[in-house]
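Topology and contacts: notes
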Amino acid sequence: MSMEPGQLSKECERFESVFKMSRKTFDYLCSLVKGDFTRKGRSIRNFRFGDKVILDVEDQVAVALLRMTTGESLMAIGTCFGMNHSSISHITWKFLECLEERAAGHLKWPDPEEMATIKAKFEKLHGLPNCCGAIDATHILMCSSTQPNSSVWVDCENRNSMVLQTVVDPDLRFRDVVSGWPGSLDNSCILRTSGFYRLCQKGARLDGKMELPGESSGSLVGEYIVGNASYPLLPWLMTPYQEHDLSPEKADFNKRHAAARMVVQGALANLKERWQVLKGELWRPDKHRLPRIIYACCLLSNIMIDLEDPKRDGMPASPDHDDGYRQQVCNVADDDGVTQRDLLCQYSGRLGNNLPG
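Residues numbered from 1 in each chain as written. Predicted model: local features only at pLDDT ≥ 70, side-chain atom pairs only at ≥ 80, totals over all residues. Heavy atoms only, no water.

Per an unreviewed UniProt entry, the chain goes by DDE Tnp4 domain-containing protein and derives from Eleusine coracana subsp. coracana. Recorded in UniProt for the chain, the comment headed Cofactor (unreviewed entry) runs: "a divalent metal cation". (UniProt positions renumbered as here; feature names shortened; annotations may be inferred.)

When you go through the chain residue by residue, the secondary structure sums to 11 helices and 9 strands. Once local pairs closer than 6 in sequence are excluded, the contacts in the chain between residues at least 24 apart make up 71%. Element-wise, carbon and sulfur atoms account for 50% of the exposed surface of the chain, whose accessible area totals about 16,300 Å². (Helix = DSSP H or I, 4+ residues; strand = E, 2+ residues; numbered from the N terminus. Contact = heavy atoms within 4.5 Å. Areas by Shrake-Rupley, 256 points an atom, 1.4 Å probe, with all protein chains shown as cover.)

Turning next to the nonpolar core. Within the largest apolar cluster, 97 residues are counted, with the highest numbers of intra-cluster contacts made by Phe95, Trp236 and Trp275. In terms of residue count, helix 10 (residues 289-306) provides more of this core than any other element does, 11 residues in total. Each residue touching Phe95, except ones within four places of it in the same chain, is listed here: Val33, Phe37, Val61, Ala64, Leu65 and Leu300. (Core = buried A, V, L, I, M, F, W, Y, C linked by side-chain atoms within 4.5 Å. Buried < 20%, exposed > 50% of the residue type's maximum accessible area, 1.4 Å probe, protein only.)

What follows deals with the pattern of salt bridges. Counted by the stated rule, this structure contains 20 salt bridges. For the salt bridge of Asp27 with Arg23, the shortest nitrogen-to-oxygen distance reads 4.0 Å. Linking Asp27 with Arg23, this pair stays in helix 2 (residues 23-37), spanning 4 residues, or about one helical turn. Here Asp306 ties to Arg173 by a salt bridge, and the two come within 2.9 Å at their closest N and O atoms. In this pair, Asp306 is assigned in helix 10 and Arg173 in the loop between strand 4 (161-168) and strand 5 (174-182), connecting sequence segments 133 residues apart. Salt bridges linked by common partners bring Lys108, Glu114, Lys121, Asp169, Asp171, Arg173, Arg175 and Asp306 together as one network. (Salt bridge = Lys/Arg side-chain N within 4 Å of Asp/Glu carboxyl O.)

A few words on helix 2. At Ser31, helix 2 shows its largest kink, close to 30°. Burial in helix 2 covers these residues: Thr25, Phe26, Leu29, Cys30, Leu32, Val33, Asp36 and Phe37. (Bend = angle between axes of the 7 residues up to and from the residue.)

Moving on to the sheet that holds strand 5. Taken in spatial order, the 5 strands of this open sheet run 5-4-3-8-9, and their pairing is mixed. Looking along the sheet, the strands with just one partner apiece sit at the ends: strand 5 and strand 9 (237-238). Across 2 bridges, the pairing between strand 8 (residues 224-226) and strand 9 is parallel. Bridging across to strand 9, Ile225 finds its partner in Leu237. Set on the sheet, helix 6 (residues 112-126) makes contact with strand 3 (131-141), strand 4 and strand 5; between it and strand 3 the angle comes to about 90°. (Pairing = 2+ DSSP bridges. Axes fitted to C-alpha atoms, helices over the stretch in contact; angles between N-to-C directions.)

Okay, the pairing of strand 3 next. Each regular strand carries side chains that alternate between the two faces of the sheet. The element strand 3 is largely enclosed, with a buried count of 10 among its 11 residues. Bridging between strand 3 and strand 4 involves 8 bridges; their strand directions are antiparallel. Within strand 4, the position partnered with Ile140 by the bridge is Met162.

This next bit is on the packing of aromatic side chains. What the rule picks out here adds up to 7 aromatic pairs. Among the aromatic residues, those joined into a ring-pair cluster are Trp109, Phe196, Tyr197 and Trp236. Above the ring of Phe15, the side-chain terminus of Arg23 is found at 4.3 Å from the ring centroid. Its end group placed over the ring of Tyr241, Arg341 keeps NZ or CZ at 4.0 Å from the ring centre. (Phe/Tyr/Trp six-rings, centres within 6.5 Å; stacked < 30°, edge-to-face > 60°. Lys NZ or Arg CZ within 6 Å of the ring centre and 35° of its normal.)

Locating Thr193 in the fold gives a position in helix 7 (residues 187-193). A C-alpha to C-alpha distance of 9.8 Å links Thr193 and Val178, two positions 15 residues apart in sequence. Thr193 has contacts with Trp181 and Arg198, leaving out every residue within four places of it along the chain. Engagement of the side chain of Thr193 in a polar contact is seen with the backbone oxygen of Ile190, the distance being 2.9 Å. (Polar contact = N/O pair within 3.5 Å; in protein donor to acceptor, adjacent residues only side chain to side chain.)

Next up on the list: helix 6. When the terminal C-alpha atoms of helix 6 are compared, their 21 Å separation across 15 residues agrees well with the 21 Å that a helix rising 1.5 Å per residue should span. Against strand 3, strand 4, strand 5 and helix 9 (248-274) lie the buried residues of helix 6. Structurally, the start of helix 6 carries an N-cap: the backbone nitrogen of Glu113 is 3.2 Å from a side-chain oxygen of Asp111. Looking one or two residues beyond helix 6, the residue adopting positive phi is Gly127, at roughly 70°. (Expected span 1.5 Å × (residues − 1).)

Taken as a whole, the chain shows an average pLDDT of 87; of its residues, 86% reach a score of 70 or greater. Segment residues 40-51: pLDDT under 50, and 28 contacts once partners within four positions in sequence are set aside and those in other chains are kept. (pLDDT = per-residue confidence, 0-100.)

Here's what the structure looks like:
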């Protein structure tokens, strides 16, 4: 399609279907970046049909969002707006840079009040007290490369990819994001190299304890997140039981555990579906630019949740965010992690069917 630069951002009928967000969210994004976009010397000027055209803030945000939501090439977006591809690239990166600076508050670790709400939701929905989030990782595919050392990006499925690790809350909000590591690394390795891991290990995160309701004195459970079998069992990271012939209590715990993990699986599936720029193999192996794209997509998703955008995503029909990848397994189990998981298992087993599992 071809259009005047300002046409699409001002057409209400087509707006939400194209940009996958409400006008309220779009206007909020424009207000975030307006000061940077209109600063002297930073206006984007383009020529079309021989007439001089200056794109306003709304036009530039529309251009950047179209690139993010459709995943179309710079050339295709340029053709759509009657602009050259270098201008599309410049506008998109300027938008991303402003978003990183102005919207960072939308992706942060919960403060104590927020964390109390998060823990209450996980316990109410899944019977997992003191649970603070769910962790998982997904592969962002890239095109092949002949650059030196490019084989490090080749993952276990012989694809070129970069890994995104994230912790998500019950509202599908991204709370911690790590990206930039090559697909050749497994989930447990990426976890151990992350700043999140270091913070948790030294007690700067997930350090709160609670006494289990109805338990004997001294049954303390620390704060934790839940993750699948690809992660090590740690005092602050609960993984499912992996042995065969599980007892009814352990099977019930695994069921609750799997249900709690659905939020991170759903958030990652939504991320890839909404922001088509992350799908396919658009990117060459690059540890500098692609992580910024990934981070910006997570920020935009959180903004839609924070603004209660009617177009924001709920749980997807299929939470499969890593199609074609086999389940990794990590057999590392910390003794304190084993003890805590058994306590939680005993507690949830006594809940029976009183809570959804």
